[in-house]
2 protein chains.
Amino acid sequence: MSDITTTLKTKGIRPTAMRSLVYQELAKQDTAVALTDIELAFTKADRTTLYRTVKTFEENGIVHQIDDGTGISKYALCEPGCNCEIENDLHLHFHCSNCDKTVCLTEHKIPQISLPDGYVAEDVNLVVKGICSDCSGS
Amino acid sequence: MSDITTTLKTKGIRPTAMRSLVYQELAKQDTAVALTDIELAFTKADRTTLYRTVKTFEENGIVHQIDDGTGISKYALCEPGCNCEIENDLHLHFHCSNCDKTVCLTEHKIPQISLPDGYVAEDVNLVVKGICSDCSGS
DNA sequence: AAGTTAATGCACTTCCATTGCACTATAATT
DNA sequence: AATTATAGTGCAATGGAAGTGCATTAACTT
């Protein structure tokens, strides 16, 4: 039984062939990818299946969804030990306006935010837009 | 000549009747609004016109666009003296998952973010999701 | 192996953002 | 004031992405 199969089972997901492949594809990425990107990697699979696969991953804490401000949802595998639910564990994301790639800066945690009275924070999303190291040429 | 007309002219925008009305409508709001909201306020005007009006406002620094993670763009008038372009002037936004309203917390500035080498920041977007004071009942 | 439950694929819908083009109003020029 | 240029507005249509319903197929259970 492969590593991926074990991982999926551990998270309470039935390890189908499709899911293993999608997991593998996500693991290959060094950036967060859009559903369309995944779709291009699996021309034979249906978009809906990929959509639901990713959603399932998300619900089970295997993937986190990133809103980088482009209006297109991006997805990335959670790091080992990542706990997306815990606010303190949230990291920031960087979106390159040149190559349009979005990366997780997992080592950069989001600072504590103070809110006005009566406001209750459940989730924090911090996206920095600019030029990534690949594009800035430095 | 009305205040609004003057404001528009100062920003280099031709002060048409439509634009003054849209400005007025935005000024009334205490939250950031979606294009659809503006559309509902002006049933006689075309959606495209409103769309382009808001875009014009945005390009000329009268309005800033907010991506609150719902996938729907929200717009809000810039505060007097607001300079959306200057990174230090960026404030955070709060999106209530109960009433679906998005507010600008202009007094809450975004802390300085450190990035890995080679990354150049141009813009920072910080959205906190949770329950707003109206909905939390406190 | 039979039956139950979940996953997949297809078709379709919805929602918002955006564009092209014709028409109209505004501002500039004579 | 009439003419021309420039910019704004409205209508129609397109496109992209997210999401849903249902029939089919595959995966687990006993």
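Refer to the preceding data block for the structure.
This text gives an overview of the structure that appears in the document. (Residues numbered from 1 in each chain as written. Chains lettered and ligands numbered in written order. Predicted model: local features only at pLDDT ≥ 70, side-chain atom pairs only at ≥ 80, totals over all residues. Heavy atoms only, no water.)

Turning our eyes to something else, we now look at the protein's contact with DNA strand C. With respect to spatial proximity, 18 residues lie near DNA strand C, and among them A:R14, A:T16, A:T49, A:R52 and B:Y51 are the closest. Within 4 Å of the protein, atoms of DNA strand C come from sugar and phosphate in 78% of cases. In the environment of DNA strand C, a phosphate oxygen lies 2.7 Å from a nitrogen or oxygen atom belonging to the side chain of A:T16. Residue A:R52 places a side-chain N or O atom 2.7 Å away from a base oxygen belonging to DNA strand C. Sorting the residues of the surface near DNA strand C by element identifies α2 (17–28) and α4 (47–59) of chain A together with α4 (47–59) of chain B as the ones contributing at least two each. By residue number, the principal contributor to the surface near DNA strand C is α4(B), which donates five residues. Across the surface near DNA strand C, the residue classes break down as four nonpolar, six polar and eight charged. (Near = heavy atom within 4 Å. Polar contact = N/O pair within 3.5 Å; in protein donor to acceptor, adjacent residues only side chain to side chain. Helix = DSSP H or I, 4+ residues; strand = E, 2+ residues; numbered from the N terminus. Nonpolar A, V, L, I, M, F, W, Y, C, P; charged D, E, K, R; others polar.)

Across the contact, 33 residues belong to chain A and 33 residues belong to chain B. Buried surface at the junction of chain A and chain B, summed over both partners, amounts to about 2,600 Å²; 61% is from carbon and sulfur atoms. The interface formed by chain A and chain B includes zero salt bridges. Inspection of the chain A/chain B interface yields 16 residue pairs in polar contact (both at pLDDT 80 or more). For the side of chain A that touches chain B, the elements supplying multiple residues, two or more each, are β4 (91–96), β5 (102–109), β6 (120–131) and α5 (133–136) of chain A. At 12 residues, β6(A) tops the list of elements feeding residues into the side of chain A that touches chain B. Each residue belonging to the side of chain A that touches chain B can be placed in one class, and the counts come to 17 nonpolar, 10 polar and six charged. One ladder, built from 11 bridges, connects β6(A) with strand β6 (residues 120–131) of chain B; its direction is antiparallel. The residue bridging A:V120 from the neighbouring strand is B:I131, located in β6(B). (Contact = heavy atoms within 4.5 Å. Buried area = accessible area lost by both parts, 1.4 Å probe. Salt bridge = Lys/Arg side-chain N within 4 Å of Asp/Glu carboxyl O. Pairing = 2+ DSSP bridges.)

To continue, consider the environment of A:L90. For A:L90, the location among the structural elements is in the loop between β3 (73–77) and β4. With 57 residues separating them along the chain, A:L90 and A:V33 place their C-alpha atoms 18 Å apart.

A separate point is the sheet that holds β4(A). With respect to topology, six strands assemble into an open sheet ordered β5(A)-β4(A)-β6(A)-β6(B)-β4(B)-β5(B), the strand pairing being mixed. The open sheet has two edge strands, β5 of chain A together with β5 (102–109) of chain B, and neither has a second partner. Averaged over all pairs of adjacent strands, the angle between their axes in this sheet comes to 30°, without regard to strand direction. In this structure, β4(A) lies alongside β5(A), joined through five bridges in antiparallel fashion. Across the sheet, residue A:H93 finds its bridge partner in β5(A), namely A:C104. (Axes fitted to C-alpha atoms, helices over the stretch in contact; angles between N-to-C directions.)

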